[in-house]
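# Secondary and tertiary structure notes
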Amino acid sequence: MTPKLSTQLSAGFALIVLIAVSAISLTANLWISRQFETYIAEQQKSVSDGIAFGLGLQYDGTTGQWNTDYIHGYGMYALNEGYIVKVYDNDGSVVWDAENHDMTLCHQIMENISLRMERERPELAGDFVTYRYDLAQNGAKIGAAEISYYSPYSLSENDFQFLAALNRILVVVGGLSILGAVAAGILLAKRIAAPITKTMDITKDISDGNYGIRLQPETRTKELSELTQAVNQMASALERQEALRRRLTTDVAHELRTPLANVASHMELMQEGIWEPTPERLRRCGEEIQRIVRLVSDLDRLQQVEDEGLKLDMAPVDLWDLAWSVSHEFEGEVRARRLSCTVEGSHAVVIGDRNRLGQVVRNLLSNAIKYSPEGKAVRIVIEENETEAKLTVEDEGIGIPENELPLIFERFYRTDRSRSRKTGGAGIGLTIAKTIVQAHGGTITAQSGETAGSRFLVTLPKNH
Ligand code: ADP
């Protein structure tokens, strides 16, 4: 089973804290212990020096006597602290010796220290070392002292307790930090997971066909609000697609109904012998069938260009050459209707799909010819500037009423003027043209005079 976000985050946080706390504890521990041990070693040396100095003061130079009571007090105090003192006078005889004085206590103390240190710091391999001091008064030697203590250093029970307490603090702080990290992980995961779960639920709803649902962005996390936006965009896109699909179905049904009904009723009348199948009636039936065939092939082309991710075969295209060769396709029709068709302007080159752009020119030119009365002129003009190329198709035909201009690029839209004409198509040509132009990053607009003449302007970026 895939682990939950909260588990992963908490575990991740806990691991990071664990590593951080362990690293800090380890270095702190090593550093503090080392500092502490150096300090203790120095301290021991200075205590030992102090004892030696103190002992030197217990000699009375005038009487030549040692103050043995003091030395005894001193020695016993030092012994309890772990310093074994021995004092000699100038001729080498012992003035005071801790070991002689209380051998049992002396050995007991030494053993205690050795055992403790061997137990706690076996790697130290320490032992009692004797340091010898010459005692002097006013520059004259008065004797010597031997002070033994555990070297390189010894730690008392209290010292060890201090170090242990330090470790405990680090462990407690570490433990608390890990708990905190786990809690923070859970909280954070909740904050992240809640909107994700909500988005997931809504996405399921959307996939069930409820395209109208939109998510309210309730998160302060950038990526999550982007996710919400993306889901909303997806829902809008699906909604649009769905509406388009529905409209297409009704439009197609509507477009097919009339010619099919016409053909059906004509055939019926002729079959029943009510109508003579005259060539004229058969021709009309044929025309209706042609209309249906045209509609279906238009639909086919529309489906191709509207298909998701219209694949463009990009290459440099000379718009003038393209317009010229497309205009040749209409030569017969132009001549038959005594129209004039010219291609003017410059050889602007754009990066585009030659076939698709040819389709755009073909649709515009075919409209211009279709909606022009006999003897009129159709002009194709190519212009360019630094970044864009413009292709204009102008005619002197029936024109487009201003209020219908924004609608003519819609599928199946035909102006009232053209509906009455036999020449009209299904109202798909401009939709196809617009889809192709937009896929090239360009725009297509239409202008028309009050009564006559239309002008279609295609603007294409030179480098898409
Ligand atoms: P159609 O196949 O009907 O020509 P289009 O999508 O190419 O479909 O055009 C949609 C409608 O726009 C046409 O039916 C017509 O009413 C109008 N139209 C397009 N081009 C012209 C033009 N050059 N002059 C007048 N009307 C035009």
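What this report covers is the structure whose coordinates are included nearby. (Residues numbered from 1 in each chain as written. Predicted model: local features only at pLDDT ≥ 70, side-chain atom pairs only at ≥ 80, totals over all residues. Heavy atoms only, no water.)

### What to know about the overall build of the protein chain
What the protein chain contains, in helices and strands, is 12 helices and 13 strands. In terms of C-alpha radius of gyration, the protein chain reaches 52 Å, well past the compact-globule figure of 23 Å for 464 residues. Expressed as a percentage of its 464 residues, the buried residues of the protein chain come to 38%. Pairs at least 24 apart in sequence give 68% of the contacts found in the protein chain among residues at least 6 apart. Accessible area of the protein chain: about 27,100 Å², with a carbon and sulfur share of 56%. (Helix = DSSP H or I, 4+ residues; strand = E, 2+ residues; numbered from the N terminus. Rg over C-alpha atoms; globule rule 2.2 N^0.38 Å. Buried < 20%, exposed > 50% of the residue type's maximum accessible area, 1.4 Å probe, protein only. Contact = heavy atoms within 4.5 Å. Areas by Shrake-Rupley, 256 points an atom, 1.4 Å probe, with all protein chains shown as cover.)

### Points about the packing of helix H8 (residues 319–329) against helix H10 (residues 354–370)
Each pair of packed helices can be summarised by the angle the axes make with each other and by the distance between the axes. The contact between H8 and H10 brings their axes to 9 Å, and the two run at 55°. Viewed along their axes, H8 and H10 adopt a mutual orientation that is oblique. In this structure, H8 meets H10 at a crossing whose hand is right-handed. Contacts between H8 and H10 pair Leu319, Leu322, Ala323, Ser325, Val326, Ser327 and Glu329 from the former with Arg354, Leu357, Gly358, Val361, Arg362 and Leu365 from the latter. (Axes fitted to C-alpha atoms, helices over the stretch in contact; angles between N-to-C directions. Parallel < 35°, antiparallel > 145°, perpendicular 65-115°, else oblique. Left-handed = near helix turned anticlockwise from the far one by under 90°.)

### Description of the packing of aromatic side chains
Any aromatic ring pair is given by two values, namely how distant the centres are and how the planes are angled relative to each other. Per the stated rule, a full pass over the model turns up seven aromatic pairs. When the ring of Tyr59 is compared with that of Trp66, the centres are 4.9 Å apart and the planes differ by 55°; the resulting orientation is tilted. The two residues Tyr59 and Trp66 agree in class, both being buried. For Arg281, the ring lying beneath its charged end belongs to Trp275, and the centroid distance is 4.2 Å. (Phe/Tyr/Trp six-rings, centres within 6.5 Å; stacked < 30°, edge-to-face > 60°. Lys NZ or Arg CZ within 6 Å of the ring centre and 35° of its normal.)

### Side note on empty space enclosed by the protein
Taken as a whole, this structure holds one cavity of 30 Å³ or more when the rule is applied. Considering the residues around the largest cavity, the lining is formed by Leu319, Leu357, Val360, Val361, Leu391, Val458 and Leu460. Counting residues per element, the ones that place at least two in the lining of the largest cavity are H10 and strand S13 (454–461). The dominant element in the lining of the largest cavity, judged by the number of residues it contributes, is H10, at three residues. When its residues are assigned to classes, the lining of the largest cavity shows seven nonpolar, no polar and no charged. (1 Å grid on protein atoms, 1.4 Å probe; cavity = no way out; pocket = protein on both sides within 12 Å on 5 of 7 lines; lining within 4 Å. Points joined across faces, edges and corners; volume = space filled by probe spheres on them. Nonpolar A, V, L, I, M, F, W, Y, C, P; charged D, E, K, R; others polar.)

### Comments concerning helix H5 (residues 157–207)
Since there are 3.6 residues in each turn of an α-helix, residues three or four apart along the chain are aligned in direction. Its 51 residues place the ends of H5 73 Å apart at the C-alpha level, agreeing with the 75 Å of an ideal helix rising 1.5 Å per residue. In H5, a bend of some 25° at Ala193 exceeds every other bend along the element, and Pro195, a proline, comes one to four places later. Positioned one or two residues after H5, Gly209 has a phi angle of 110°, which is positive. (Expected span 1.5 Å × (residues − 1). Bend = angle between axes of the 7 residues up to and from the residue.)

### Considering unusual backbone geometry
Residues apart from glycine generally show negative phi values, whereas peptide bonds are mostly found in trans. Ser151 connects to Pro152 through a cis peptide bond whose omega is 0°. Looking at the secondary structure, you find Pro152 in the loop between strand S6 (140–151) and H5. A positive phi angle, near 50°, is found at Ala125, a position not held by glycine. Tracing the backbone shows Ala125 in the loop between helix H4 (103–120) and strand S5 (127–137). For Asn138, which is not a glycine, the phi torsion comes out positive at approximately 45°. Assignment of secondary structure puts Asn138 in the loop between S5 and S6. By relative accessible area, which is 83% here, Asn138 ends up exposed.

### Section: helix H6 (residues 222–271)
Taking 1.5 Å of rise per residue, 50 residues should cover 74 Å, and H6 covers 71 Å from first to last C-alpha, within 8% of that figure. Residue Arg257 marks the point of greatest curvature in H6, where the axis turns by about 30°; the proline Pro259 follows within four residues. Phi turns positive one or two residues past the end of H6, at Gly273, with a value near 80°.

### Digging into a nonpolar patch on the surface
Taken together, Leu5, Ile196 and Leu227 make up a surface patch of nonpolar side chains, about 210 Å² in accessible area. Relative to the helices and strands, Ile196 resides in helix H5. Owing to a relative accessible area of 33%, Ile196 belongs among the partly exposed residues under this scheme. (Patch = residues over 30% accessible without salt bridge, like charges linked within 9 Å, V, L, I, M, F, W, Y side chains within 5 Å. Salt bridge = Lys/Arg side-chain N within 4 Å of Asp/Glu carboxyl O.)

### Regarding the nonpolar core
Nonpolar side chains tend to gather and get buried jointly when the protein is soluble and globular. In terms of nonpolar packing, the biggest core is built from 48 residues, with Leu364 and Ile380 touching the most fellow members. Sorting elements by how many residues they give to this core places H10 first, with seven residues. If we ignore the near neighbours within four places in the chain, the residues touching Ile380 are Ala323, Thr342, Val343, Glu344, Val361, Leu365, Leu391, Thr392 and Val393. Ala52, Ala78, Ile109 and Ile147 belong to the second-largest nonpolar core, a separate cluster that totals 34 residues. (Core = buried A, V, L, I, M, F, W, Y, C linked by side-chain atoms within 4.5 Å.)

### Some remarks on the side chain of Ser10
Turning to its location among the elements, Ser10 is positioned in helix H1 (residues 5–56). Beyond its immediate sequence surroundings of up to four residues, Ser10 is in contact with Val182, Gly185 and Ile186.

### Considering the sheet that holds strand S12 (residues 443–448)
Across a sheet, paired strands are connected by hydrogen bonds in the backbone, their directions being either parallel or antiparallel. The strand order across the open sheet formed by five strands is S8-S10-S11-S13-S12, and the pairing between neighbours is mixed. The open sheet has two edge strands, strand S8 (340–345) and S12, and neither has a second partner. Direction aside, the axes of adjacent strands within the sheet are offset by 15° on average. Pairing of strand S10 (residues 377–384) with strand S11 (residues 388–395), which is carried by seven bridges, proceeds in the antiparallel orientation. Bridging from a neighbouring strand, Glu384 pairs with Ala389 of S11. Each of S8, S10, S11, S12 and S13 is contacted by H10, which is oriented at about 25° to S11, the strand it contacts most. (Pairing = 2+ DSSP bridges.)

### Quick word on the sheet that holds S6
Reading across from one edge, S4-S3-S6-S5 is the order of the four strands in this open sheet, with antiparallel pairing throughout. Sheet topology places strand S4 (94–97) and S5 at the edges, where each strand pairs with a single neighbour. Here the strands of the sheet are splayed against their neighbours by 15° on average, with no regard to which way each runs. Two elements, strand S3 (residues 84–89) and S4, share three bridges in a ladder whose sense is antiparallel. Within S4, the position partnered with Tyr88 by the bridge is Val94. Strands S3 and S4 of the sheet are contacted by helix H2 (residues 68–80), whose axis makes an angle of about 35° with S4.

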